[in-house]
Every structure is written in C-alpha cells, then in structure tokens.
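Each chain, letter by letter, is given below.
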Amino acid sequence: MTQTQAEIVPVLTQGADRGARETLQEWLPKLVLAPSFALILLFVYGFILFTAVLSFTGSKLLPDFSTWVGFGNYVRLFNHPNWIVSLKNLAIFSVLYIAVCTVLGLGLAILLDQKIRGEGFLRPIYLYPMALSFFVTGVAWKWFLDPSIGLEHVMHTWGWESFSFRWIKEGKMAIYTIVIAAVWQSSGFVMAMFLAGLRGVDNEVIKAAQIDGASTVMIYRRIIIPLMRPVFLSAFVVLAHLAIKSYDLVVAMTDGGPGTATWVPALFMQKFTFGRNEMAMGASSAIIMMMMIFSIIVPYLYSELRGGRRS
Amino acid sequence: MSAAPSQDNAARTGIIARAVIYSLLILFAVYYLLPLYVMVVNSLKPLDEIRQGQMLDLPSTWTIEPWLSAWSTAQIGVSPTGLKPYFLNSILMVVPAVAVSTLLGALNGYVLTKWRFRGDNMVFGLMLLACFIPFQIVLIPSARILGELGLAGTVTGLVLIHVVYGLGFTTLFFRNYYEAFPTELVRAAQIDGASFFQIFRRILLPSSGPIIVVTVIWQFTNIWNDFLFGASFADFDSIPITVALNNLVNSSTGVKEYNVHFAGAVLAALPTLVVYIVSGRYFVRGLMAGAVKG
C-alpha cells in the first residue's frame, strides 16, 4: 500500500525473488504482532471463556464438564454470607481507598506545587511506597498496628496508658486498617499523577486570573482543579481496578480475619477454589469480579481510544 | 514552568501560610517513612530488645545477625535455608520475563503505530483490556495449561505467565511512545530500501531510551512484587521471594523472631526500592509523558 514508483520498478526488473521479499515485508509486521496477540487471545480471552463455562458446571476439586448446574453457582454465591461480606468489604474498601488516595494525592500535589524548597527531597519520600509490594506493605502495617508490639505499645511506653488502637483485632474495624495500609502504598503515586497534571497547566491562564484579582484558593477551585479532570479519571481507573484486585495486602495483614471480617472477592475466590474445593463457585466469583472491573474499564478505554484517534 | 499562584499567596498571607504548608508536608513525610523506619530499625536489634523496648527506639546494641539469619539460615516453611534460594528464584524469573516482555512490547508498539492495518485498533484494545483482568479469572486454566506444557511448578512456567500478562502494559507503553515518533522518517527509510527490522533497530530503537526505562521498571516492580502467581503456580523449590517471605513470617515453629521477619521484609523489598531510588524520578516523568497522558 505504500509502494512508490521507485519501488515498483526494481520489482519488475528483478523478478520473482524480489517479489517474494516484498510480500514478506508486507506480512512481516503482522507476523511479528501475531504471537503476542495469539498468546493474549488464548491466555486472557480463552481462559476467561474457560472460567465462564466452568462457572456453570458442578466442578469441585478439579474441572468437571459433565454436570451442568446453570446459574446454580451464582445463586449459591449471592446467598453465601461470606460472599456478601466480601462485597460489603469491597464497597467500604474501594470507596475509602479511592476517595482518600485522590484527596491526599491532590492535596499533597498542590502543597508541593507551591515552590517548595526541598521538593526533590520530599517527592521520592511520598513515592517510594509504590515500589514496595502490597505484600511487604501488609507485613509492615500488620506489625505497626499490632497492639502488643506496635503503635498502642509505643503510646503505653510513652506514658499514655489509656491509649487504645486495636482495630486490626476487631471484626468491625479491621477492614479500615487495610484501607490505611493501601492508602499508604498508593497515594504517592496519585500525588505524582496530579503533580504532573499541575505542571502542565498553562501559566497564562493563571496570570490572567491573578490580574483579574482572583485569590489563590479561587484559582485552584475554579480553574486548576477543573482542569485536572483527565487526571481524576485516570486515577479513578487505576485505583478502582487495584481495589477490586486487592488480595496480597489482605493475605499479609489479616488473611481475611478476624473470622471472615476482612474477606474480599479475590480472597473469596482463592479460598473457595483452592481451600474448600468449590472450584465452580470460585469461578463464578471470578466472573463477577471481572464484570465489575470491565464495567469501569471498558467505557473508559473506549472513550480513550476513540478520543486518541480523533486528535 | 510551574503553575505558581504561590508567589502571590506568600506575599499576602505571609510566613504563617508557608509554615503551615511545610509542617503538613513534613508530617506526611513522617507518615510515609515511619513503616520503613520501623522495619529497618527493628531488623538491627536483638530479639529481647524488641520485646522489652518499643519499636520506635533505635537499637542500643546494633546487630546484623537478623539479616544473616533471614538471608541464609531462617526457617522457610520446613527447611532452614533462609531467603537466599528464593531471592535467586526471583532473579531467575524476573530477568528473562522483563527482557522478553519489553522486547515484544517494543515490537508490538512499532507495528501498531508504524505499520497500521485494518483492525489494528481492535487488536490494541483487546491487548489493553487484558491489563485490567482480575487474575483470579485465569488461575484455574493457567494451572492446567502449565501442567500440560510440563511447566507446572517451574521458574520457566512463571516466566511464561509473567510475559503473557505483562504484554498488555508493555505494548501500551511503547505504542503511546511511538505514536509521537515521526512516521515520515519511517517512510523515508522504507523508500530507501530499509527492511522492517532495520527500521526498528536503526531508527526507532536508538530513540527509545526513556520508554525502555519506564517499561523495564514497571515490569521489574510488578513481577518482583507478584505474590498471587507465585503462590498459585510455584513448587517448593521454585517459589519467588514474596511467597518465601510469607512462609518465613508465618512459619509456626518456635518463637516469632520479629527481627528476622523485619530483615526478611526489607530484603524482599530491597531490589525494587533500589531501582526507585536510582531512577524513580525518570520513571515518573516517562510514565506521565507516555501512559497517563489520556
């Protein structure tokens, strides 16, 4: 399709050999892309299909396609108290995690954007937790919040005897300790996204507003923060899918406990599939997780890809 | 360069506002540093000092014994090997997985931007969506296919898994980066008779430094830090460091050696931490320019 006069002439003169090479060159890009695409088709979409089919069977310990139960697993799933707890926890966790990370990330970015001395020193401090795995994060915070060696103990040795902070041991509050640790891990990254956004704002707009007598607070509220719309959206998408996937952090901090107080869907899937030999139910829980993520991601990607094409 | 209504701000509300801003920033720096401080400080104390004192104190007797123990003698599951063999497993897993997925991502990005074909956006969309799947959905069939390939419980199997599930991100990074690369240069080289791979090697690759750094850091961090695949697919002798850390922390035999656990946690985090300290700034800049641009 990109052949020019200069290319066509030698093809004609040099005959079939050159022609074959031309054809190869034309097919080469697709041949190069093909293995990756094939791997993704099989390992992602093929496997999703496999899991979807599995979720309609009566599989227990191993995949078993001989018994069909229709939507039975989904009915059992939504009647199972552990799944309901998992969904509730996911709701609490993701709302708080996304909200706090966004507010903290934006707040820190705005503070850092005030021509701060030592910004180059502070920024990596806010950012480094994202280099740590959720697992190590969980291990660190588990100790830090453990009443017998952690924060409570420190306060006691400092003479504040009545200080009590044992959320991680309390069924009702344990999920909030996971939020604290997760926010610690991710908020620096959100800060970096907002900081990049703030640095991209056109200075002329701000100058003009200042000349019109707008206060700093007004400029942020009316001009700069509304300009951050795409960053809010990117942050939301990144955080929402991390929230729905969250697994390592819970395993490291509470392993679902106390009792089932901190179960989340990913943990439910793992425990039912590999711990309780309820493979089909595990598969149906994974399908629900995927549907939750796709309902957020697909519209986002669709608008991004179309927007990209237009510009 | 910076958006700075701040100059105005400082002039009007003066020193107090600045003081508030700085104290808030420092307060948050403490919040982010505290858990790391606790881990490092307590990994350098003898065990009875942890029990009697408290976690914020500096060690009164400094010792590297917990580190040596975590590295080579601590009980991991049933054998007293320390984290060393699993650290090596992680390296054997990370290096090829990062190299292969980055190379494939670069080639994919090159094809998707400079050799466009009908349906290329669809292909890219499907690869991109693959980044966001909850991995729970592929665990059962993955275990099965690894078994059928004879790769169950091997480091090679983990490499394959990490390459496949990293492809979406690596392709995204390179595709967004090459999108801004002038296509005319590619066409001109083509007219001069350069082949597909020559153009890639001589024209695109030399200017890909920043995005290679971003991709390598991203993949390195994600694969090194992975827990789920390691816990699901590795055998006893192929488990990566994160899973070994879990086994160390939860091994129920004997007293809980907190100092060894702390040392192990820092050890497991060390490679990614070093990468961030050395090149974090570069990473964020590249990521913002390439991926989150929107």
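Residues numbered from 1 in each chain as written. Chains lettered and ligands numbered in written order. Predicted model: local features only at pLDDT ≥ 70, side-chain atom pairs only at ≥ 80, totals over all residues. Heavy atoms only, no water.

> I'd like to hear about the overall build of chain B, residue by residue, with values.
Of regular secondary structure, chain B possesses 13 helices and zero strands. Starting at the N terminus and walking to the C terminus, you meet the elements of chain B as α-α-α-α-α-α-α-α-α-α-α-α-α. Taking 2.2 N^0.38 as the reference for a compact globule, 294 residues should give roughly 19 Å; the C-alpha atoms of chain B span a radius of gyration of 24 Å, well beyond that estimate. Residue burial in chain B is summarised as follows: out of 294 residues, 57% are buried. In chain B, of all internal contacts separated by at least 6 residues, the share reaching a separation of at least 24 is 68%. Total accessible area computed for chain B in this model is approximately 12,200 Å², and 67% of it derives from carbon and sulfur atoms. The centroid of the 17 positive side-chain charges in chain B is displaced by 12 Å from the centroid of its 14 negative side-chain charges. (Helix = DSSP H or I, 4+ residues; strand = E, 2+ residues; numbered from the N terminus. Rg over C-alpha atoms; globule rule 2.2 N^0.38 Å. Buried < 20%, exposed > 50% of the residue type's maximum accessible area, 1.4 Å probe, protein only. Contact = heavy atoms within 4.5 Å. Areas by Shrake-Rupley, 256 points an atom, 1.4 Å probe, with all protein chains shown as cover. Lys, Arg positive; Asp, Glu negative; His and termini not counted. Charge placed at Lys NZ, Arg CZ, Asp CG, Glu CD.)

> Report on unusual backbone geometry, specifying residues and quantitative values.
Residue and element names in this part refer to chain A. Along the chain, Gly 257 connects to Pro 258 via a cis peptide bond; the corresponding omega equals -5°. Structurally, the position occupied by Pro 258 is in the loop between α12 (248–253) and α13 (265–275). Phi at Lys 115 takes a positive value of approximately 50°, unusual for a residue other than glycine. Inspection of the secondary structure assignment puts Lys 115 in the loop between α4 (81–112) and α5 (119–127).

> Pulling in residues and values, what's your account of the interface of chain A and chain B?
Residue-level contacts link 104 residues of chain A with 98 residues of chain B. Overall, the association of chain A and chain B removes approximately 9,300 Å² of surface from exposure, summing both partners, and the carbon and sulfur fraction of that is 75%. Of all residues in chain A, the largest losses of buried area upon contact with chain B belong to Leu 33, Phe 43 and Trp 143 of chain A, amounting jointly to 7% of the total for that side. At the junction of chain A and chain B, the tally comes to zero salt bridges. At the junction of chain A with chain B, the criterion picks out 15 residue pairs in polar contact (both at pLDDT 80 or more). It is helix α2 (residues 16–54) of chain A that contributes the most residues to the side of chain A that touches chain B, 19 residues altogether. In the side of chain A that touches chain B, the residues fall into 71 nonpolar, 21 polar and 12 charged. (Buried area = accessible area lost by both parts, 1.4 Å probe. Salt bridge = Lys/Arg side-chain N within 4 Å of Asp/Glu carboxyl O. Polar contact = N/O pair within 3.5 Å; in protein donor to acceptor, adjacent residues only side chain to side chain. Nonpolar A, V, L, I, M, F, W, Y, C, P; charged D, E, K, R; others polar.)

> How would you sum up the domain arrangement of chain A? Please name residues and give values.
Residue and element names in this part refer to chain A. Domain boundaries assigned for chain A yield domain 1 (1–54) and domain 2 (75–310). Computed over C-alpha atoms only, the centres of domain 1 and domain 2 are separated by 41 Å. Between domain 1 and domain 2, the contact holds four residues from the first and six residues from the second. For the pair domain 1 and domain 2, the summed buried surface comes to about 410 Å²; carbon and sulfur atoms form 90% of the total. Its largest share of buried area at the contact with domain 2, domain 1 owes to Ile 48, Thr 51 and Leu 54, together 86% of the area lost on that side. Between the two partners, domain 1 and domain 2, sit zero residue pairs in polar contact (both at pLDDT 80 or more). By residue class, the composition of the side of domain 1 that touches domain 2 is three nonpolar, one polar and no charged. (Domains from an automatic or database assignment.)

> Tell me about the pattern of salt bridges, and please be specific about residues and values.
All names here are of chain A. The tally for this structure, following the rule as stated, stands at 10 salt bridges over all chains. In this structure, Arg 76 and Glu 278 form a salt bridge, with 3.0 Å as the shortest nitrogen-oxygen distance. Of the two residues, Arg 76 is situated in helix α3 (residues 72–79) and Glu 278 in the loop between α13 and α14 (279–310); the sequence distance between them amounts to 202 residues. By relative accessible area, which is 37% here, Arg 76 ends up partly exposed. When its relative accessible area of 16% is taken as the criterion, Glu 278 is described as buried. Its salt-bridge partner being Arg 123, residue Glu 119 comes within 3.0 Å of it at the nearest N-O pair. Placement of both Glu 119 and Arg 123 in helix α5 is noted, with a separation of four residues, approximately one turn of the helix. Here Arg 123 falls in the partly exposed class, since its relative accessible area comes to 24%. The network of salt bridges with shared partners includes Asp 113, Glu 119, Arg 123 and Arg 199.

> Explain the packing of α4 of chain A against α13 of chain A residue by residue, including any values.
Residue and element names in this part refer to chain A. Across the interface, α4 lies against α13 with an axial gap of 8 Å and an inter-helix angle of 150°. As far as their axial angle goes, α13 and α4 are roughly antiparallel. Residues Asn 82, Trp 83, Ser 86, Leu 87 and Leu 90 of α4 form the contact with α13, whose own contacting residues are Pro 265, Phe 268 and Phe 272. Residue composition of the contact of α4 with α13, grouped by class: six nonpolar, two polar and no charged. (Axes fitted to C-alpha atoms, helices over the stretch in contact; angles between N-to-C directions. Parallel < 35°, antiparallel > 145°, perpendicular 65-115°, else oblique.)

> An account of a nonpolar patch on the surface is requested, with residue identities and associated values reported.
A cluster of nonpolar residues, Leu 49, Val 53, Phe 65 and Trp 68 of chain A, forms a patch on the protein surface that exposes about 400 Å² of accessible area. Note that Leu 49 of chain A resides in helix α2. (Patch = residues over 30% accessible without salt bridge, like charges linked within 9 Å, V, L, I, M, F, W, Y side chains within 5 Å.)

> For the side chain of Ser 36 of chain A, give the residues involved together with the corresponding values.
Among the secondary structure elements, Ser 36 of chain A is positioned in helix α2. Overall, Ser 36 of chain A belongs to the buried group, its relative accessible area being 0%. Contact partners of Ser 36 of chain A, with chain neighbours within four places excluded, come to Leu 104, Asn 108, Met 127 and Leu 167 of chain B.

> Can you break down the confidence of the model for chain A residue by residue, with the values?
Across chain A, the average pLDDT comes to 87, with 93% of residues at or above 70. Long-range and interchain partners of residues 1–13 of chain A, a stretch whose pLDDT sits below 50, account for 12 contacts in this model, where long-range means more than four residues apart. (pLDDT = per-residue confidence, 0-100.)

> An account of the domain arrangement of chain B is requested, with residue identities and associated values reported.
All names here are of chain B. Taken domain by domain, chain B comprises domain 1 (3–68) and domain 2 (84–293). Relative placement of domain 1 and domain 2: their C-alpha centres are 32 Å apart. Contacts between domain 1 and domain 2 engage 13 residues on the former and 12 residues on the latter. In this assembly, domain 1 packs against domain 2 so that about 990 Å² is buried in total across both faces, 82% of it on carbon and sulfur atoms. When the area that domain 1 buries against domain 2 is broken down by residue, the three leading residues are Met 39, Leu 47 and Trp 67, summing to 50%. Between the two partners, domain 1 and domain 2, sit zero salt bridges. Remark: the boundary between domain 1 and domain 2 carries one residue pair in polar contact (both at pLDDT 80 or more). For the side of domain 1 that touches domain 2, the secondary structure elements donating two or more residues are α1 (6–42), α2 (47–52) and α3 (65–73). Considering every element that reaches the side of domain 1 that touches domain 2, the biggest residue donor is α1, with five residues.

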